[in-house]
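Structural characterization, general
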Amino acid sequence: IISCAFMTEIHHHSFELTFDHVMIMIGTFGLVTIGTFELDPNNPWMIRFHYLGVLFSFAIFLAFNIQQFRMPSEHPDKYTYSRIWYPILLDIISLIGFVGWQYALFK
């Protein structure tokens, strides 16, 4: 999916590999790693690689935030800074879910 998005960008204007593109690729690799290494409590290597995938998948949140914060400055006639509340809200919701999950895990 991500390579199709890059191909569209290549055809419409000059392509440049930016930091958020790299973070999207790392995050996608993290999601694949999570799916490959299921969280098996009896296998320590499965646990390590599962959590490595979770760590990599946080790059998607970072890339989304960077893209949303950059859009109003690059296209001021089209986007306003009011759109930055959506990624912040998603970050807060995911952080609450992560903290609740860790609390329940170690309780």
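Located above this text is the structure these notes cover.
Computed from a prediction, not measured in an experiment: that's the story for all the values here.

To continue, consider the packing of helix 2 (residues 19–36) against helix 3 (residues 44–74). At a minimum axis distance of 7 Å, the contact between helix 2 and helix 3 shows a crossing angle of 150°. With respect to their mutual orientation, helix 2 and helix 3 come out roughly antiparallel. The handedness of the crossing between helix 2 and helix 3 is left-handed. Looking at side-chain class alone, the contact of helix 2 with helix 3 contains 15 nonpolar, eight polar and two charged residues.

Enumeration according to the criterion identifies two salt bridges in this entry. Note that D20 is salt-bridged to R70, the shortest N-O span being 2.9 Å. Placement of D20 in helix 2 and of R70 in helix 3 is noted, with a sequence separation of 50 residues between them. Exposure remark for R70: the relative accessible area of 29% places this residue in the partly exposed category. The residue R70 makes a salt bridge to E74 at a minimum N-O spacing of 3.3 Å. Of the two residues, R70 and E74 are both situated in helix 3; the distance of four residues between them amounts to about one turn of the helix. Several salt bridges share partner residues, and in doing so they unite D20, R70 and E74 into one network.

Criteria and cut-off values
- Residues numbered from 1 in each chain as written.
- Predicted model: local features only at pLDDT ≥ 70, side-chain atom pairs only at ≥ 80, totals over all residues.
- Heavy atoms only, no water.
- Axes fitted to C-alpha atoms, helices over the stretch in contact; angles between N-to-C directions.
- Helix = DSSP H or I, 4+ residues; strand = E, 2+ residues; numbered from the N terminus.
- Parallel < 35°, antiparallel > 145°, perpendicular 65-115°, else oblique.
- Left-handed = near helix turned anticlockwise from the far one by under 90°.
- Nonpolar A, V, L, I, M, F, W, Y, C, P; charged D, E, K, R; others polar.
- Salt bridge = Lys/Arg side-chain N within 4 Å of Asp/Glu carboxyl O.
- Buried < 20%, exposed > 50% of the residue type's maximum accessible area, 1.4 Å probe, protein only.

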